[in-house]
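What follows is each chain in one-letter form.
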Amino acid sequence: MRIVIGEDDALLREGLALLLAAEGLDVVATAADADALLAAVDEHRPDVAIVDVRMPPTHTDEGIRAAVQARRTHPDLAVLVLSAYVEQAFATDLLAGGAGRVGYLLKERVGRVEEFLEALHRVAAGGTAVDPEVVAQLLTRTRTDAGLDRLSAREREVLGLMAEGLGNSAIAARLVVSDGAVHKHIRSIFAKLDLAPTDEADRRVSAVLRYLRAG
């Protein structure tokens, strides 16, 4: 796996590079600002870009805008975005395209090496990864989606894990239930959210977006 890192904090940037190298991953370039990140992506054509949300000069959304531009130029690029805070709007927008190969993690997740690497590999393989803290905060907020109100407590739990990007087997392992039980819960979620039985992947994305937007 070839990786470019875009992070203006030198300590975190170099720490990430060392961590990934120790795991046998190839960090082909690092960048301290958005322009340098885009140049590195153009030059090295990495598999994954790990990008800070806020980068110089204004430290607002330069990293996000660079990630969007990089994906537009290189559609096969996987992007794992790091943020110091929960930014719900971005987490929602991140999944809106439904294309996968995207992730949004809080920076503190990097310190939990196994979880961070699992998310990185999931995104690189074409999946999504949304930080569990984002999902946890959404659970405490008032919901206005009548379909979500129809979900049972277990179905909400399953949908929350879907929002993190977990597949059926991973959800089953987390909840210590069978794959069949998870499949049954997901079918019920689709029915209660009135999601037509078309493409399974599209329905998962639609269900997760309903969940995130209701937060």
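Predicted model only: the values in this text are computed from it and were never measured.

Right, let's talk about the side chain of E155 for a bit. In this fold, E155 is placed in helix α8 (residues 153–164). You can call E155 buried: its relative accessible area is 6%. One polar contact links E155 to S188, side chain to side chain, over a distance of 2.6 Å. Dropping the residues within four chain positions of it, E155 is found in contact with R150, H185, S188, I189 and K192.

V4, L37, V41, V51, L77, V79 and V81 are the most contacted members of the largest nonpolar core, which has 22 residues in total. Of all the secondary-structure elements, those providing two or more residues to this core are β2 (26–31), α2 (34–44), β3 (48–52), α3 (62–73), β4 (78–83) and β5 (102–106). Counting residues per element, this core draws most heavily on α2, at five residues. Leaving out residues up to four positions away in the same chain, V41 has contacts with V4, P46, A70, H74 and L77. If you look at the next biggest cluster of nonpolar residues, it comprises 21 residues, including L19, L105, F116 and A124.

Between α2 and α3, whose axes approach to 9 Å, the crossing angle comes to 20°. It follows from the interaxial angle that α2 and α3 lie roughly parallel. As α2 runs across α3, the sense of the crossing is right-handed. For the pair formed by α2 and α3, the contact residues are A34, L37, L38, V41 and D42 on the first element and E62, A66, Q69, A70 and T73 on the second. When grouped by side-chain class, the residues that make up the contact of α2 with α3 number six nonpolar, two polar and two charged.

Each value, and the rule that gives it
Residues numbered from 1 in each chain as written. Predicted model: local features only at pLDDT ≥ 70, side-chain atom pairs only at ≥ 80, totals over all residues. Heavy atoms only, no water. Helix = DSSP H or I, 4+ residues; strand = E, 2+ residues; numbered from the N terminus. Buried < 20%, exposed > 50% of the residue type's maximum accessible area, 1.4 Å probe, protein only. Polar contact = N/O pair within 3.5 Å; in protein donor to acceptor, adjacent residues only side chain to side chain. Contact = heavy atoms within 4.5 Å. Core = buried A, V, L, I, M, F, W, Y, C linked by side-chain atoms within 4.5 Å. Axes fitted to C-alpha atoms, helices over the stretch in contact; angles between N-to-C directions. Parallel < 35°, antiparallel > 145°, perpendicular 65-115°, else oblique. Left-handed = near helix turned anticlockwise from the far one by under 90°. Nonpolar A, V, L, I, M, F, W, Y, C, P; charged D, E, K, R; others polar.

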